[in-house]
Amino acid sequence: FERACQPQTDVAAPRDHDAAGAAVEIDVATGQAIPNAFGPGVGYVRVRSGATNYIALDDLTFDPAGNLYITRNRSSAPFQSVLLRVDKTTGLILEERPITINGSAEAEFEGLSTGLGGTLYATTGYGVTNPANRNRLWTLDPATGAATLQVALPISGATDYESLACLNATNSNADLFISKTNT
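The following paragraphs examine the structure supplied in this document. (Residues numbered from 1 in each chain as written. Predicted model: local features only at pLDDT ≥ 70, side-chain atom pairs only at ≥ 80, totals over all residues. Heavy atoms only, no water.)

## Some points on the sheet that holds strand β5 (residues 59-62)
Argument step 1. In spatial order, the strands read β5-β6-β7-β8; together these four strands make up an open sheet with antiparallel pairing. Of all the strands in the sheet, just β5 and β8 (93-98) have a single pairing partner and so form its edges. Averaged over all pairs of adjacent strands, the angle between their axes in this sheet comes to 20 degrees, without regard to strand direction.
Argument step 2. As paired strands, strand β7 (residues 81-86) and β8 are joined by five bridges and run antiparallel to one another. Bridge assignment links Arg-85 to a residue of β8, and that residue is Glu-95. (Pairing = 2+ DSSP bridges. Helix = DSSP H or I, 4+ residues; strand = E, 2+ residues; numbered from the N terminus. Axes fitted to C-alpha atoms, helices over the stretch in contact; angles between N-to-C directions.)

Written out as structure tokens, the structure reads:
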């Protein structure tokens, strides 16, 4: 599961790398899925681009206005990452932006989170189109999908940064926390 905190409410978690990507809301006090979170008898929502075209998800975040953003890596041509803005009630994709670096499409954007000021941050993993873009932290422009390099991720031996999480105002010693688990 990947996770993101909604502003001042619960946590949504999609199933990662699943063709039928589902988002559920989790009660942060109990850790349990919230029944009826998406309407009577509806405990989850599947992210989709049409009536039945469900998609795989990589990571997600909410911006300060409550918009849900998701990164998705296409597994067939064209191989590239996209930034999605999704209706958190219906699961329908509202906007889809190819993620680009200097105007060129790039694959393997994995982690996604929002900083204190509302900036979208993303990480690239090992399978990028251009090896120079491997294992980096970027900011994303939600209006265009343009990525701007912030820093190379210097953890020795780490090769695929799958997720990240930004800290909230109640714990603001840092703006961003990056975690890498070697499996």
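More follows now that the structure is in view.
## With respect to the packing of aromatic side chains
Argument step 1. Evaluated as defined, the whole model comprises one aromatic pair.
Argument step 2. With 5.9 Å between their ring centres and 55 degrees between their planes, Phe-109 and Trp-138 make a pair best called tilted. Placement of Phe-109 in strand β11 (residues 109-114) and of Trp-138 in strand β13 (residues 136-140) is noted, with a sequence separation of 29 residues between them. Across this residue pair, the class does not change: Phe-109 and Trp-138 are buried. (Phe/Tyr/Trp six-rings, centres within 6.5 Å; stacked < 30°, edge-to-face > 60°. Buried < 20%, exposed > 50% of the residue type's maximum accessible area, 1.4 Å probe, protein only.)

## Comments concerning the sheet that holds β13
Argument step 1. Spatially, the six strands line up as an open sheet ordered β10-β9-β14-β13-β12-β11, and their pairing is mixed. In this open sheet, the two edge strands, each paired with only one partner strand, are β10 (104-105) and β11.
Argument step 2. Of the strand pairs in this sheet, strand β12 (residues 120-124) and β13 are connected by four bridges, and their pairing is antiparallel. Bridging from a neighbouring strand, Leu-120 pairs with Leu-140 of β13.

## Looking at the nonpolar core
One recurring pattern in soluble globular proteins: nonpolar side chains tend to sit buried together.
Argument step 1. Grouped together as the largest cluster of nonpolar side chains are 11 residues: Tyr-69, Leu-83, Ile-99, Ile-101, Phe-109, Leu-112, Leu-120, Ala-122, Trp-138, Leu-140 and Ala-147.
Argument step 2. Grouped together as the second largest cluster of nonpolar side chains are 10 residues, Val-47, Leu-57, Ile-70 and Val-82 included. (Core = buried A, V, L, I, M, F, W, Y, C linked by side-chain atoms within 4.5 Å.)

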